[in-house]
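Topology and contacts: notes
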Amino acid sequence: MPVTDEDTCARIGRGDASAVSELLERDHAVADLLFRASSAQSVGDGALKSAWATLIEDIRSGLVTGCLRAALLERVIFALDDRGEFDTARTPALPGRGAFLAADDRWAGWWADEPVPWPEGAEPTPAQVLTVLRRIPLSLRVLLVVRDVAHLPAAQAERIVNRPSDRQAPALEAARDAYVAYVDEEVARGCGPRT
Amino acid sequence: MRAADMSCDLVAGLMSRWWDGVMDDRDRDAYEQHLLFCPPCMVQNDKARIALTALARAAREPVPADLRRDLVALLRPMP
């Protein structure tokens with residue numbers, strides 16, 4: 001039978017160390033990626049550790065009884081905000097989906113500049129993914145991690161991304177388009193000049 | 001919507017919905033048929049699929065031993 005978050009909370013409430021370990025193994029990597037994608041370059045990992053400690057304390061006190069991944073990611077964002085450790089570097093305007101022929105062209109809507117394929121087997125490394133995430137505006141990169149890495153449903157993401165669930169889809173679409181465009185640049189750079 | 005009605009910019013705009021699997025069967029068929037006769041859109045769709053798959057797998061940092069120790073210490077009963 002799968003372990004539920006409610007079970008995990010009950011076990012942590014009883015002081016079960018193995019429940020803490022299991023939760024760490026399941027959710028630490030996602031929280032770490034959200035932290036590294038969202039924090040200023042020079043800060044230590046105090047906000048991440050604080051988020052974890054706050055979560056365990058809130059479970060112990062009965063304040064948190066479920067939806068643990070969402071509760072953890074929310075605490076990462078709140079800890080960064082409390083400490084003034086968000087990445088505040090300015091990001092450029094988002095790239096578009098590509099260049100398409102104008103409405104007055106016979107082939108309107110078709111590619112003006114066709115995408116160039118990546119070399120066979122090319123894919124972005126985790127380091128390149130992080131680099132690309134940090135090029136995207138902060139609110140959109142948080143949305144990308146929360147929805148496409150943590151796989152939280154829109155309703156659970158609301159408080160973390162500060163955006164109602166019914167307004168997340170267009171932002172997520174823009175974030176994905178920008179992410180794919182920047183990954184394209186990174187992969188091309190990593191593969192050297194194209195011929 | 002039919003594949004013949006879809007321009008490349010429309011296909012590019014539907015990528016996110018295709019990735020989420022939220023298109024109805026007819027629109028998904030039209031989208032995927034467009035890819036079959038449009039190599040540039042197939043290239044772009046492949047890039048998006050690979051990039052978003054890499055994103056989904058990007059969280060892989062192991063749990064630091066000191067974090068595990070510190071959190072377990074929080075479980076001790078208060079004196």
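Look up a bit, the structure's there.
Each chain has its residues counted from 1, running along the sequence as written. Chain labels run from A onward and ligand labels from 1 onward, assigned in the order the entries are written. Note on the predicted model: pLDDT of at least 70 is required for a residue's local features to be given, and 80 or more for side-chain atom pairs to be given and counted; whole-chain, interface and lining totals, by contrast, use all residues.

Another point: the overall build of chain B. Secondary structure counts use DSSP, requiring at least four H or I residues in a row for a helix and at least two E residues in a row for a strand, with both numbered from the N terminus. The helix and strand inventory of chain B stands at four helices and zero strands. Shown N-terminal to C-terminal, the secondary structure of chain B runs as helices and strands in the order α-α-α-α. Our radius of gyration is a C-alpha quantity, and the globule rule it is checked against amounts to 2.2 Å times the number of residues to the power 0.38. Here the C-alpha radius of gyration of chain B, 22 Å, is well above what a compact globule of 79 residues would show, namely 12 Å. Projected onto its principal axes, the C-alpha positions of chain B cover 75 × 25 × 15 Å. By residue count, 28% of the 79 residues in chain B fall in the buried class. We call two residues in contact if the C-beta atoms placed from their backbones are at most 7 Å apart. Counting contacts in chain B only where the partners sit at least 6 residues apart, residues at least 24 apart contribute 61% of the total. Three classes are used. A residue is buried when 20 or more other C-beta atoms lie within 10 Å of its own, exposed when 12 or fewer do, and partly exposed in between, with C-beta atoms placed from the backbone.

With 30 residues of chain B in contact, the opposing surface of chain A contributes 42 residues. Elements supplying a minimum of two residues to the side of chain B that touches chain A: α1 (8-20), α3 (39-56) and α4 (65-73) of chain B. In terms of residues, the side of chain B that touches chain A owes the most to one element, α3 of chain B, which gives eleven residues. The residue makeup of the side of chain B that touches chain A, split by class, is 20 nonpolar, four polar and six charged. Three categories are distinguished: nonpolar for Ala, Val, Leu, Ile, Met, Phe, Trp, Tyr, Cys and Pro, charged for Asp, Glu, Lys and Arg, and polar for the others, with Gly belonging to the last.

Here we take up the packing of helix α8 (residues 168-190) of chain A against α3 of chain B. Throughout, an axis means a line fitted to C-alpha atoms (over the contacting stretch in the case of helices), and angles, computed between N-to-C directions, take values from 0 to 180 degrees. As a packed pair, α8 of chain A and α3 of chain B sit with axes 10 Å apart at the nearest point and diverge in direction by 100°. Comparing the axis directions of α8 of chain A and α3 of chain B gives the class roughly perpendicular. Across the interface between the two elements, Arg176, Tyr179, Val180, Val183 and Asp184 of chain A from α8 of chain A touch Lys47, Ala48, Ala51, Leu52 and Leu55 of chain B from α3 of chain B. Residues belonging to the contact of α8 of chain A with α3 of chain B are distributed by class as follows: seven nonpolar, no polar and three charged. Angular relationships are summarised with four words: roughly parallel below 35 degrees, roughly antiparallel beyond 145, roughly perpendicular across 65 to 115, and oblique for the angles in between.

Turning next to the nonpolar core. Taken as a class, soluble globular proteins show a tendency for nonpolar side chains to be buried jointly. Residue and element names in this part refer to chain A. A set of buried residues qualifies as a nonpolar core if it consists of Ala, Val, Leu, Ile, Met, Phe, Trp, Tyr and Cys joined through C-beta atoms within 7 Å. The biggest cluster of nonpolar side chains holds 73 residues, and the ones touching the most others in it are Leu34, Leu73, Val76, Val146 and Tyr179. No other element matches helix α2 (residues 17-38), which puts ten residues into this core. Those residues in contact with Leu73 that lie beyond four places of it in its chain are Ala31, Leu34, Val146, Ala150 and Ile160.

Tracing the chain through its elements places Arg60 of chain B in the loop between α3 and α4. Apart from residues lying up to four places away in sequence, Arg60 of chain B is in contact with Ala29 and Pro126 of chain A.

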